[in-house]
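# Results of the structural survey
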Amino acid sequence: MSFKTELMKYTLEVNKADAFFIVSDTNRFWLSEFMSSAGYVVATKKLVYLFLDKRYYQKAMDTITDPDIKIVCFTAKSQILDCLKENNVETLMVEKEYFSFNDYLFVKNSIKNIINFTSDVLRIQKTEFEVYNTQKAVDITCETLNWIQEQTLVGLTEIEVANMVTCHMLELGASKNSFDPIVASGKNGAYPHHQPTNKIIENDEFVTIDTGCIYKGYCSDVTRTFPIGFPPELLINAYKAVYHSNSLGIQKAAYKMIGQDVDKLCRDTVTSYGFGEYFVHGTGHGVGINIHELPNVNSAYTGKLENNSIVTIEPGIYIPDLGGIRIEDMVLIKTDSTVWMTEKGKRWVF
């Protein structure tokens, strides 16, 4: 069995369930490593049934080599109920984040018990395949952020810069953005999730660009804040605080460290510079097939960073009517080290 099918089997055994019913595109792709816009999965302890319609069936037959995955040509939802019956499924696990009321109505008369399971847990530990593709997405994003910092941005709008970033990532091999780019200049930097506007970038202000791309199904998420001319001194001091916090988080995040402890380390650093009240979000989050997934790095997350988990370290300071600073990097947690995945991405140093 592959790592993923072994993990599914283990999850079923621990939860005393007979099968796992997957309705989401996210987990279907994770388990099969096959991209499709529709389909279902029934994973039992012995076999994974991948239900795909005729748009995808032949390609899946030609490309999926995992012997534990049985590809079924999907023509009617009744095939899923037949599969549950044939495998004597009485207790069914479902994806807590994706299982809808309609999904419940569909299966409720065919089984005895339903177990809601946080399926993000399955994707915490990345495989070599996933790490490789994520690193490719990271490299494309870092190269793009390095490039945009070398361009003359004064006189351009935030929207124009966002479009430049997107086009450059596509030219470098990305399939698409992993989220709409954030470009925040001057006072707009005070909004953590600012949407680019027609505001023109001017001299003597900071520009924050938060962007990422998807490469073969896997996401990147990187932020750089850099000066145009000479920004206000208070923001320069805020930058130093965020830079120190970010650097410390990259250095200290480690295997089996609790997510909230990493957050506290970074938050305490920002507070020591006198900017604690302006750090208004968590320090980071997991990244993979989804741009936000487990594990988290925030004050509420008591889980541990596991081997081959990928998280962001992104402290920020946001001062109303003045501007803001955020520096975001991605790290890969290993049992004996932490890999700084975004090291190639230029960070401004004062």
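As the structure is a prediction and not an experimental result, all values here were calculated from the model.

### What about the overall build of the chain?
Scanning the chain from terminus to terminus reveals nine helices and 19 strands. Taking 20 Å as the expected radius of gyration for a compact globule of 350 residues, we find that the chain reaches 22 Å, a close match to that expectation. Taken along the three principal axes of its C-alpha coordinates, the chain extends 70 × 40 × 35 Å. Relative to its full complement of 350 residues, the chain shows a buried share of 54%. Counting only contacts in the chain whose residues sit at least 6 apart along the sequence, the fraction spanning at least 24 positions is 63%. A total accessible area of about 15,700 Å² is found for the chain, and carbon and sulfur atoms account for 51% of it.

### Focus: the pattern of salt bridges
Considering all chains together, one arrives at 16 salt bridges under this definition. Between Lys199 and Glu205 there is a salt bridge, and its shortest N-O distance comes to 3.1 Å. Note on Glu205: relative accessible area 9%, which makes it buried. Each of Asp120, Arg123, Lys126 and Glu293 takes part in a single network of salt bridges with overlapping partners.

### Notes on unusual backbone geometry
Residue Leu294 is joined to Pro295 through a cis peptide bond whose omega torsion reads 0 degrees. Here Pro295 shows up in strand 14 (residues 293–297). One non-glycine residue, Asn88, lies in positive phi territory at about 55 degrees. A positive phi is found at Lys256, a non-glycine position, where the angle reads about 70 degrees. With respect to the helices and strands, the residue Lys256 is situated in the loop between helix 8 (233–252) and helix 9 (259–272).

### Looking at the pairing of strand 17 (residues 323–326)
Residue alternation in strand 17 divides its side chains into two sets, Gly323 and Ile325 and Gly324 and Arg326, and both sets are buried. Hairpin connection from strand 16 (residues 316–319) to strand 17: three residues lie between these consecutive antiparallel strands, with Asp321 at a positive phi of about 65 degrees.

### Regarding the nonpolar core
Ranked by size, the top nonpolar core spans 24 residues in total, and within it Met8, Phe20, Leu31, Val41, Leu52 and Ile64 carry the most contacts. Those elements that place two or more of their residues in this core are helix 1 (3–14), strand 1 (19–22), helix 2 (25–32), strand 2 (40–44), strand 3 (48–52) and strand 4 (69–73).

### Describing the environment of Glu143
Structurally, the position occupied by Glu143 is in helix 6 (residues 128–149). Measuring from C-alpha to C-alpha, the distance between Glu143 and Thr342 comes to 9.8 Å, with 199 residues separating the pair along the chain.

### Details of the UniProt feature "domain: Creatinase N-terminal" (unreviewed entry) in the chain
Annotation from UniProt places "domain: Creatinase N-terminal" (unreviewed entry) at residues 12–119. As annotated, residues 12–119 has a helix share of 31% and a strand share of 27%, and its two end C-alpha atoms lie 12 Å apart.

Scoring rules and cut-offs
Residues numbered from 1 in each chain as written. Predicted model: local features only at pLDDT ≥ 70, side-chain atom pairs only at ≥ 80, totals over all residues. Heavy atoms only, no water. Helix = DSSP H or I, 4+ residues; strand = E, 2+ residues; numbered from the N terminus. Rg over C-alpha atoms; globule rule 2.2 N^0.38 Å. Buried < 20%, exposed > 50% of the residue type's maximum accessible area, 1.4 Å probe, protein only. Contact = heavy atoms within 4.5 Å. Areas by Shrake-Rupley, 256 points an atom, 1.4 Å probe, with all protein chains shown as cover. Salt bridge = Lys/Arg side-chain N within 4 Å of Asp/Glu carboxyl O. Pairing = 2+ DSSP bridges. Core = buried A, V, L, I, M, F, W, Y, C linked by side-chain atoms within 4.5 Å. UniProt positions renumbered as here; feature names shortened; annotations may be inferred.

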